Amino acid sequence: MTAKWSARTGGVPRTSDRPEHTGEPVRHPADAADQATGEARPASPASPASPASPASPASPASPGKAPGANTAATDEPAAQPTRRTPGPLDPAALAGGVAGATALAPLIDLVLESLAKGTVERGGPTPAGSPAAIAAAAATAVEHNPLPDKGIGAEPALAELSRLIAMGSADPADPRCAGHLHCPPLAIAVAAEVAAGAMNQSLDSWDQAPVATELEPWVVRAMAELVGYQPDQAGGVLTSGGTESNLMGLLLAREFAPTQRPRVYCSAAAHFSVQRNAGILGLGEDAVIPVPVTADQRMDPAALVATLMADRAGGYRPIAVVATAGTTDFGVIDPLPELAAIATAHDAWFHVDAAYGGGALFSDRLAPLLRGLDLADSIAIDLHKFGWQPVAAGGFLTRRASAFDPLTRRVAYLNPTDDEDLGYRSLLGYSLRTTRRLDALKLAVTFRALGRTGLGVLVDACHDLAGHAATAIDAHPRLVLAARPVLSTVVFHFQARHRDPDQVNAALRRRLLTEGSAVVGRTEVDGRIRLKLTLLNPHATTADVDALLALVVEAGEAEDTAEATG
């Protein structure tokens, strides 16, 4: 069964008697003893070098008596547990345990082979064809029933669907795929995801994720240091992305200053999640007040002060000022020091949505744009944007770890007090989620492999591409640049001569999608449709950008004359 469309063939809870969690790894009394004696400790169960426990279901059956059996009681051998012996491409084989790697290896090989085939068959940055054709291909691939009574086996299921995904995806690694803040992930980060998925740790209790529980705080500490916080005082957690992080920022703001008539202030260009999250939290979407922006799309501090004073006179209480460091469209960064001072003066929580712009801190060139970020009470940062990570790789950071106190929960089956007192710490009090995957591994691997400087090179490469695109657009007679880029987004439009310009720009983008030749973003500026390139591929070239713009012009000219000549 081959699916193909005809258009293209070939946190830690705190108590009064326990030190506040600071992100430092817990040191047990035995650690100090080992240092004093100079003796090496035996490998822990979390160590890759540790032998499998005889009692582990994944370990081979031990010959002879069961451990601890009374050998004098009987001469009969102990009954051995029945174990499956998975063969190659066994759909019921497990990824973990002693045999996990053996079971996983041929499946990974099959996935890689299928991805390569599907990518070749796609032949472009996105699948050609109408939405209906692509929907039909997905339905055909699962034979209109992804859960048959009898399975079809590992090889056809994995090969066909992996091939389908490669063939039918918008591939951010293609230089002509530049529509969204949707980065191509680093291969090393994806490889780390395989390891994280195979071990399937859940970070809601220590005994579900021993070393993962100790690894994430180190990654959070590195991120806290990156944004300018004091790492020994800061707190943080990995999240699913900016929307969840912004939700947590507003939650802590609500708890910081509870009131009956709350107000939240953000720029008119802020992410939509600020308003939606206020509704989720019961503050009401109408509690979010959009503040006018200046000509360069940044929040206007004078307008913020005027709005705050008017609301106070009306009996409202400002609980949060939300600044944006990297707007979705223009990548602009609000004046953080000025907004921080205003928030402090009004005793309001200062949250910065740096989901996009936070990654610019890797770059020596761009980091100064985020001056004042360390003044925020909380920060959202996404490294599945300017960090080249597979989704999800969000982070939520606070200047003080104690800010997480409202999330503290004591759950008997997850984080009992006596366990925590003995070093079995829990991150349950740092997240809105209970079950939470090991997203820290891919970040730790990437950080270790590239370092801040190496990641900064990638950021600068994308910034350079945006600058080249802006210059090329400015020089083209049929393209109009909206503003010089700040980070890696470029907003512009095709200049129509015969048809309505909004209709032409909307239609040319859909034409490119239907052809499968390019993915270009769409937005609105002052009520007019505009196009957008979001350049997050650090390996793309200026020639790639020129070729992408040529496709836009070609499609625009075709749409501009389609009805005029018809």
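Parameters and conventions
Residues numbered from 1 in each chain as written. Predicted model: local features only at pLDDT ≥ 70, side-chain atom pairs only at ≥ 80, totals over all residues. Heavy atoms only, no water. Pairing = 2+ DSSP bridges. Helix = DSSP H or I, 4+ residues; strand = E, 2+ residues; numbered from the N terminus. Axes fitted to C-alpha atoms, helices over the stretch in contact; angles between N-to-C directions. Contact = heavy atoms within 4.5 Å. Buried < 20%, exposed > 50% of the residue type's maximum accessible area, 1.4 Å probe, protein only. Salt bridge = Lys/Arg side-chain N within 4 Å of Asp/Glu carboxyl O. Expected span 1.5 Å × (residues − 1). Left-handed = near helix turned anticlockwise from the far one by under 90°. Nonpolar A, V, L, I, M, F, W, Y, C, P; charged D, E, K, R; others polar. Arc of directions from axis to C-beta.

Caption draft 1: Just the sheet that holds strand S6 (residues 349-354), in detail. Pairing is mixed across the open sheet formed by seven strands, whose spatial order is S2-S8-S7-S6-S5-S3-S4. What marks the edges here is a single partner per strand, and that holds for strand S2 (235-239) and strand S4 (288-291). The average angle at which neighbouring strand axes cross in this sheet is 20°, direction not considered. Note: S2 against strand S8 (residues 394-398), five bridges, orientation antiparallel. Looking across to S8, one finds that Gly235 is bridged to Thr398. Taken strand by strand, helix H8 (residues 273-280) contacts strand S3 (262-267), S4 and strand S5 (317-324), and its axis lies near 165° from that of S4.

Caption draft 2: Representation of the environment of Pro156. If you trace the backbone, Pro156 turns up in helix H4 (residues 154-168). Judged by its relative accessible area of 36%, Pro156 falls in the partly exposed class. Distance in space between the C-alpha atoms of Pro156 and Leu110 is 9.9 Å, their sequence separation being 46 residues.

Caption draft 3: Expanded view of the sheet that holds strand S12 (residues 528-534). Pairing in this open sheet of five strands is mixed, and the strands run S1-S11-S12-S10-S9 from one edge to the other. Only two strands of the sheet have a single neighbouring strand rather than two, namely strand S1 (177-178) and strand S9 (479-481). As defined by bridge partners, S1 adjoins strand S11 (residues 519-525) across two bridges and the pair is classed as parallel. Within S11, the residue paired with Ala178 across the bridge is Val520. Sitting on the sheet, helix H14 (residues 542-562) touches S1, S9, strand S10 (489-494), S11 and S12, and the angle it makes with S10 is about 25°.

Caption draft 4: Inspection of the pattern of salt bridges at higher detail. Counted according to the given criterion, the structure contains 27 salt bridges. For the salt bridge of Arg511 with Glu559, the shortest nitrogen-to-oxygen distance reads 2.8 Å. With Arg511 in helix H13 (residues 501-515) and Glu559 in helix H14, this pair connects stretches of sequence that are 48 residues apart. A residue is classified by how much of its surface remains accessible, and Arg511, at 28% relative accessible area, is partly exposed. Among the charged side chains, a network of salt bridges with common partners joins Glu193, Arg437, Asp439 and Lys442.

Caption draft 5: Molecular detail of the pairing of S12. Within S12, six of the seven residues are buried, leaving the element largely enclosed by the surrounding structure. Two elements, S10 and S12, share four bridges in a ladder whose sense is antiparallel. Bridged to Val490 within S12 is Leu533. As paired elements, S11 and S12 share five bridges and run antiparallel to each other. The partner of Val525 across the bridge, within S12, is Arg528.

Caption draft 6: Structural view of the environment of Thr259. For Thr259, the location among the structural elements is in the loop between helix H7 (242-256) and S3. Relative accessible area serves as the criterion here: at 31%, Thr259 is assigned to the partly exposed category. For the pair Thr259 and Tyr316, spaced 57 residues apart in the sequence, the C-alpha separation amounts to 8.8 Å. In this structure, Thr259 is in contact with Arg317 and Ile319, ignoring residues within four places of it in sequence.

Caption draft 7: Main features of H7. With 15 residues, H7 ought to run about 21 Å at 1.5 Å a step, and its terminal C-alpha atoms sit 21 Å apart, in line with that. Turning to H7, its buried residues number three or more, namely Gly242, Glu244, Ser245, Asn246, Leu247, Met248, Gly249, Leu250, Leu251, Leu252 and Ala253.

Caption draft 8: Structural context of the packing of helix H5 (residues 187-199) against helix H12 (residues 440-475). As a packed pair, H5 and H12 sit with axes 8 Å apart at the nearest point and diverge in direction by 145°. Relative to H12, H5 is oriented so that their crossing is right-handed. Within the contact between the two elements, H5 uses Ile188, Ala189, Ala192, Glu193, Ala195 and Ala196 and H12 uses Leu441, Lys442, Val445, Thr446 and Ala449. Among the residues forming the contact of H5 with H12, the class breakdown is eight nonpolar, one polar and two charged.

Caption draft 9: Here's a closer look at helix H10 (residues 336-345). Taken together, the buried positions of H10 are occupied by Leu336, Leu339, Ala340, Ile342 and Ala343. Seen along its axis, H10 keeps its buried residues to an arc of 165°; they face one direction. Facing away from the buried side of H10 by more than 90 degrees, the exposed set consists of Thr344 and Ala345. Buried residues belonging to H10 abut helix H9 (301-313), S5 and S6. A positive phi of about 55° marks Asp347, the residue just after H10.

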